[in-house]
Each structure stands twice: as C-alpha cells, then as structure tokens.
Amino acid sequence: MYSSGQKAKITPPTVIAILALVLYMLVSGQVLAASIVGLIIGILGGIVFHMPLLILWIAVPTLVVVAVFHGVLAAIDTTIRVLTVSLTASGLISMLGLYNLRLFLEGLGVPPKASILPVLIARQADIFSMIVRESLDSLRGRGIKGVRLLFRLPIPVLVNAFESSAVLAEAILAKVPERRMSTLFWRPTGWDVLIFSLTLLSLYLL
Amino acid sequence: MFRWVFRNVSLVGRIRDVNLTISSRVTAVLGPNGSGKTTLLKLAAGLLKPSSGEVLRPESVGASLQNPYLGFSSHTVIEDLTLSAGSRDEALRILREAGLEHLAGRSPFTLSMGEARIISVLAAISWNPEGLVIDEPTSGLDQRYRRWLARLIDSLRIPVLIAGHDIDFAASVAQEAIIMKRGTVLLHSNVDKILSSEVLDRVGLEPGPIMKKALKLGLSPSRVARCVFLGSEG
Ligand SMILES: Nc1ncnc2c1ncn2[C@@H]1O[C@H](COP(=O)(O)OP(=O)(O)O)[C@@H](O)[C@H]1O
Ligand SMILES: [Mg+2]
C-alpha cells in the first residue's frame, strides 16, 4: 500500500483542506457529517478493508477507557470522533501516497531526516498489524481463547513490536539522503474534485 | 482414514482451487516463497477461513508459526508452558521429557532460535490438540537442532503438517509431501517419489548434498534422510 514512487490520487492541498474541514465539522458539532466523510475517505483510501484491525485497536481501548470514567454515551461520542480523525487522516495519506507526502513536506522546507517520519510511522503500523495478527494466531495455536487471549496478546505484541521498530527505524534512517529530493508540482485530479464535493455535500446536507 | 481434506479451497490472492486428501501421519508442504504454504497451514489449523470451498480438519489443531517468539506470553519458559498445558506439573513434565528443564527459569524472549522453536512446538502440543502444523520448522536452526526437532516430530502420535523448503528435513520426518507453486498444488505424493521428481527442480527446490548423492546411488532418499536425522534405518 505504501510503495514508494506511487502515483498520487489526490494532491497535498486537498489533504490539508479536507482535514481542516473535518476538524472544523467536529468542533462545530456536526459529528454525523464528519463521521460520514471520515468513513467514505477511509473506504476510498483502503483503510477500512485493508486494516480493520487497526480500527479495532483505536476504537476498543477508547471506548472502554472513556466508558469507565464518563459513561457509555460519552464513550461512543469520543470514539466516533477519534475514529473520524484517524480514518480521515490515514485515508487521505494513503490516497496521497507516503512518498508524495514526503516530497510535499520537503517542499515546505522540512529537512529530509524529519520528512521521512510519516513513512517510518506507517511502516511501523504495517509491522505492528502483522505482529498483532501473527501473535493472535500463535496464541490461538496454543489453545488460548476468549478473554484469556485478549489478556495475553499485549505481551508478545509489545515485546516484539519494540524490537522490530528499533531495527526498522535504524535501517530506514540509514538510507535517508542528506540532499533534498526534487520539488513536486500538482495538478488537481478527478479524485480531488470527488472528495471535495463529498465533503461539502455532507457539510450542507447534514 | 484422512486427517485433512481440502475441497476446492480458495482464499482470494493467496491460494486457489486446492483439492487435497491428507492421510499420512507427517506431511511436508514444500514450495518457493509466496507459494501458499503458510496459508495452507493456517487453513489446516482453522486460523484462516477459506473464501470458498471447504476444509475438513481435526477438531483441535495446534500451531507453531514462522516466528516462534510471537507466541510467547510469559516471563519464564515454565510459566509460559503452563498457560497452555493447564498445570505447572504438566508443563514441567513436558520440559523434562524434552530434556529442557534447564530452560524453565529463562525468559522465552531471550532463547536462541533453536531453543525457541522447540519450546514453541512443545507449547503447540501441550494442550493436547488432535493435529499439529509447524511453519518453517528449520529456518534459523543448525544441524543439531534440526535433528532434535526431527526426533520430536517423529515421536508424536498426532497428524502433523510441516511447511518449508528444507527438503532433507522433510524427507526424514514426512511420509508424503505436497509441492505448491503460486497458490496451487502441483504434486502430492510419497516423499521418495517427490524427491526424484523433476517438479522439484521446476519450482526451484533442491535437495542437500547427501540427498543428491543418495539419489545418484539409487538409494531411497527418505531412508537416507531418516538415517542422517533420526539415526535409524527407518
Ligand atoms: N495477510 C495477507 N494478506 C494478503 N495476502 C497475503 C497475506 N499473507 C500472504 N499473502 C500472499 O499470499 C500468497 C501466499 O503467501 P504464503 O502463504 O505466506 O506463502 P509461503 O508461506 O509459501 O511463503 C503470497 O502471494 C502472499 O503475498
Ligand atoms: Mg510462509
């Protein structure tokens, strides 16, 4: 999903504008409209179908923690907001392509060592979701099920994610060139228009 | 008597139209990287569901997957085995039987690859499943641990599926083998037939030097492999 040199479906200004709009909708109380936009972008960006585990990992802890302290209704509201922001952001970035995000950041003057960060984080997310899946299967393959499985899962995930992240970060940073890459020019695509229309439509309709 | 049956099994993007009736005690799934071995094993263990077709399997199947460290969930080996063995006594008995009591107090995450692999297999059988799958059992193992693992698998009484590209190891423990390529099954036969088949070469798999010599001399490769790995005439 994050291959380098990937063709961008949308352009960086769209990413920023949509993100700002969605945040505005959330702040101004249009949660339903914002969450629908988030869901659509999550689907278009392939997040909903390719990383359902990631969504669970964001939603379940939020739901539980807030429910314990502030009650169920507040928990649902908070979870929807958190999911909306993460689906919108990850969906937009996946449509832009990490490589292009990096070019964009460098174009804004962010130094190369820092602009590699989103790539790094996304790679960690890939590795993380693989580790979660494999640990889950490994524990089930030992006959560990149900609630016990949920309690046991964090241990191998944390131990192994920490190790792989360190190795990966070192490997990627070692390859970052000191020199800036070429600047990026943008022309709006059909996708930009589509996403914009959808967002504005839900803003006015709901 | 069958142990696993695959009927027109497909899993989108991973394997397609797999038909198999697996009835030998130990069966090796061989094939190059990305050929669908792991997918086949996870389906056989009930860890994945096919998108179409049907998998018949033993009710409970233990699994030791590619990275043994991802299945450890306690701070000591003995605590970890207790998780799936049910009691500490049973866990200790399993360790003793494998001659590994000295690892009881170690953290499973600091074990060497060979030790981790053996503990992972012990954990996968410690809950008494009716079948077992082991993915890439010999990757990262030296000859001593490969022999150890071969003896362990040979001593089990339940049906076992192993996946990998270690032909010599497969020949020593398995009676039958399956060759996969690009998500499909190319050949399913007894180990000796598979080892002398040209299909092996076609998928880029190669027996080790001893096995090659055995084949050249017209000896039964599985007997030679058993001799090398298990120290028996087979
Ligand atoms: N989680 C996954 N999601 C989608 N495709 C996968 C996944 N894991 C493996 N694949 C694909 O399925 C095919 C078979 O993979 P796998 O069963 O892991 O093969 P092997 O174990 O023989 O290397 C490969 O093309 C691989 O890219
Ligand atoms: Mg594999």
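See the structure shown above.
Residues numbered from 1 in each chain as written. Chains lettered and ligands numbered in written order. Predicted model: local features only at pLDDT ≥ 70, side-chain atom pairs only at ≥ 80, totals over all residues. Heavy atoms only, no water.

Participant: Explain the packing of aromatic side chains residue by residue, including any values.
Facilitator: What the rule picks out here adds up to four aromatic pairs over all chains. Relative to Phe72(B), the ring of Tyr69(B) has its centre 6.1 Å away and its plane inclined at 85°; by these criteria the two rings are edge-to-face. Note on accessibility: Tyr69(B) and Phe72(B) belong to one class, buried. Phe72(B) sits in the buried class, given a relative accessible area of 1%. Ring-pair connections join several aromatic residues into one group, and the members of that group are Tyr69(B), Phe72(B) and Phe109(B). Sitting over the face of the ring of Trp191(A), Lys9(A) holds its NZ or CZ atom 4.4 Å from the ring centroid. (Phe/Tyr/Trp six-rings, centres within 6.5 Å; stacked < 30°, edge-to-face > 60°. Buried < 20%, exposed > 50% of the residue type's maximum accessible area, 1.4 Å probe, protein only. Lys NZ or Arg CZ within 6 Å of the ring centre and 35° of its normal.)

Participant: I'd love a proper account of the sheet that holds strand 6 (residues 131–135) of chain B, names of residues and values included.
Facilitator: Residues and elements named next belong to chain B. On the basis of which strands lie adjacent, the open sheet formed by six strands has the order 5-6-7-3-8-9 and mixed pairing. Sheet topology places strand 5 (61–64) and strand 9 (184–190) at the edges, where each strand pairs with a single neighbour. On average, each strand axis in the sheet is tilted by 15° relative to the strand beside it, whichever way the strands run. In terms of strand pairing, strand 3 (residues 26–30) meets strand 8 (residues 176–181) through four bridges, oriented parallel. Each residue of the ladder has a partner; that of Leu30, found in strand 8, is Ile179. (Pairing = 2+ DSSP bridges. Helix = DSSP H or I, 4+ residues; strand = E, 2+ residues; numbered from the N terminus. Axes fitted to C-alpha atoms, helices over the stretch in contact; angles between N-to-C directions.)

Participant: Go over the site of ligand 1 with me, naming the residues and quoting the values.
Facilitator: If you check the shell around ligand 1, you find Arg133(A), Gly13(B), Arg14(B), Pro32(B), Asn33(B), Gly34(B), Ser35(B), Gly36(B), Lys37(B), Thr38(B) and Thr39(B) and nothing else. Close to ligand 1, residues of chains A and B are found. At 2.9 Å from an oxygen atom of ligand 1 is found a side-chain nitrogen or oxygen belonging to Lys37(B). Thr38(B) is positioned such that a nitrogen or oxygen atom in its side chain is 2.6 Å from an oxygen atom of ligand 1. For ligand 1, the protein covers 60% of the area, taking 560 Å² as the surface of the free molecule. Among the residues forming the shell around ligand 1, the class breakdown is one nonpolar, seven polar and three charged. (Near = heavy atom within 4 Å. Polar contact = N/O pair within 3.5 Å; in protein donor to acceptor, adjacent residues only side chain to side chain. Areas by Shrake-Rupley, 256 points an atom, 1.4 Å probe, with all protein chains shown as cover. Nonpolar A, V, L, I, M, F, W, Y, C, P; charged D, E, K, R; others polar.)

Participant: Tell me about the pattern of salt bridges, and please be specific about residues and values.
Facilitator: A full pass over the atoms with the stated rule returns 15 salt bridges over all chains. Two residues, Arg7(B) and Glu54(B), come together in a salt bridge whose shortest N-O distance is 2.8 Å. Of this pair, Arg7(B) sits in strand 1 (residues 4–11) while Glu54(B) sits in strand 4 (residues 52–56); the two residues are 47 residues apart in sequence, bridging distant segments of the chain. Looking at Glu54(B), the relative accessible area reads 38%, which means it is partly exposed. Residue Glu79(B) is joined to Arg88(B) by a salt bridge in which the shortest nitrogen-to-oxygen separation is 3.0 Å. Arg88(B) sits in the partly exposed class, given a relative accessible area of 47%. Here the salt bridges share partners, and the residues they tie into one network are Glu134(A), Asp137(A), Arg140(A) and Lys42(B). (Salt bridge = Lys/Arg side-chain N within 4 Å of Asp/Glu carboxyl O.)

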